[in-house]
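Remarks on the overall topology
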Amino acid sequence: MSKIVLITGATSGIGYACARKFAENGDKLILTGRNEQRLAEIQQELAATGTDVVTLAFDVRDREKAQQCIDGLPAEWRQIDVLVNNAGLALGLEPEYEGDLDDWETMIDTNIKGLLTMTRIVVPGMVARNSGHVINVGSVAGDAAYAGGNVYCATKAAVKALTDGLRIDVANSAVRVTNLKPGLVETNFSNTRFHGDNERAANVYKGIKPLVGDDIADVAVFAANAPAHVQIAEVLILATHQASGSVIVRKD
């Protein structure tokens, strides 16, 4: 039976991969992101495969716009079965005492407060229906800090704590909660982190075959389609030559 899946940050990277993989699974999609043109392109692409897609252009940092967009969904789209809280980013790799305060604010507002906003908007309906699944995209960075990661690592540690807390809060219902923790994934993540410095971004993936968005999306779809009595609580997904957030073996 097809589900209604809402994916935040669906215009690129892991979010876009999740959109394609859930579409392949026969699900209906609500895709959100800041880039309205890119959302329209993805909608057209997936509609051509027979997938029902609704797009909502907003920034998860804007609580009022997020609420307005979700409230404005047609009645047949309001019973969201799966919420994929994917929207997030890293900015900068400076020591904490030299960090950019604007970068910090963007990461905290997106990675933590944006996730909370979407959870607060969507999950009450799941609890009322006694059915649903929240999949939060965390990171190996949430397990332990690495050099230069400071604030980003803190936001992903918060994602882990918030995911665990939500799982406790809904344990008396049939709502399931999953934390996906990717390691090194080759997307536009590093390009964003380094503010468009393509060469510096490319160096992040040199000497190792990193994960790609599809690898994480495959796990998300698997978790969402596990039997109703099975809750995939947390999954750490690493490239073969990555052992932790800070241990990466690079081959020439």
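Here's what I pulled together on the structure shown here. (Residues numbered from 1 in each chain as written. Predicted model: local features only at pLDDT ≥ 70, side-chain atom pairs only at ≥ 80, totals over all residues. Heavy atoms only, no water.)

Looking now at helix H5 (residues 150-169). If you check H5, its first and last C-alpha atoms are 28 Å apart, about what 20 residues at 1.5 Å a residue would give, namely 28 Å. Check the buried side of H5 and you find it contacts helix H4 (101-129), strand S5 (133-137), strand S6 (176-182) and helix H6 (189-193). (Helix = DSSP H or I, 4+ residues; strand = E, 2+ residues; numbered from the N terminus. Expected span 1.5 Å × (residues − 1). Contact = heavy atoms within 4.5 Å.)

To continue, consider the environment of Ser139. Relative to the helices and strands, Ser139 is located in the loop between S5 and H5. Through-space distance from the C-alpha of Ser139 to that of Phe22 is 21 Å; in sequence the pair is 117 residues apart. Setting aside residues no more than four positions away along its own chain, Ser139 makes contact with Tyr152, Lys156, Leu180, Lys181 and Pro182. Within the structure, Ser139 has its side chain in polar contact with the backbone nitrogen of Ala141 (distance 2.9 Å). (Polar contact = N/O pair within 3.5 Å; in protein donor to acceptor, adjacent residues only side chain to side chain.)

The biggest cluster of nonpolar side chains holds 41 residues, and the ones touching the most others in it are Ile7, Cys18, Phe22, Leu29, Leu31, Leu46 and Val84. Looking at this core, the elements that each hand over two or more residues are strand S1 (4-7), helix H1 (13-24), strand S2 (28-33), helix H2 (36-47), strand S4 (82-85), S5, helix H8 (213-224) and strand S7 (234-237). By size, the runner-up hydrophobic cluster in this structure holds 25 residues, among which are Ile80, Ala87, Val122 and Val123. (Core = buried A, V, L, I, M, F, W, Y, C linked by side-chain atoms within 4.5 Å. Buried < 20%, exposed > 50% of the residue type's maximum accessible area, 1.4 Å probe, protein only.)

Within the secondary structure, Asn136 is located in strand S5. Side chain to side chain, Asn136 and Thr163 meet in a polar contact 2.9 Å long. Dropping the residues within four chain positions of it, Asn136 is found in contact with Asn85, Leu115, Val159, Thr163, Thr178, Asn179 and Leu180.

The next point concerns the packing of H1 against H8. Here H1 crosses H8 at 50°, and the two axes come no closer than 8 Å. Classified by the angle between their axes, H1 and H8 sit oblique to one another. Crossing of H1 against H8: the hand is right-handed. Contacts between H1 and H8 involve Ile14, Ala17, Cys18, Arg20, Lys21 and Phe22 from the former and Gly213, Asp214, Ile216, Ala217, Asp218, Ala220, Val221 and Ala224 from the latter. Within the contact of H1 with H8, the residues separate by chemical class into 9 nonpolar, 1 polar and 4 charged. (Axes fitted to C-alpha atoms, helices over the stretch in contact; angles between N-to-C directions. Parallel < 35°, antiparallel > 145°, perpendicular 65-115°, else oblique. Left-handed = near helix turned anticlockwise from the far one by under 90°. Nonpolar A, V, L, I, M, F, W, Y, C, P; charged D, E, K, R; others polar.)

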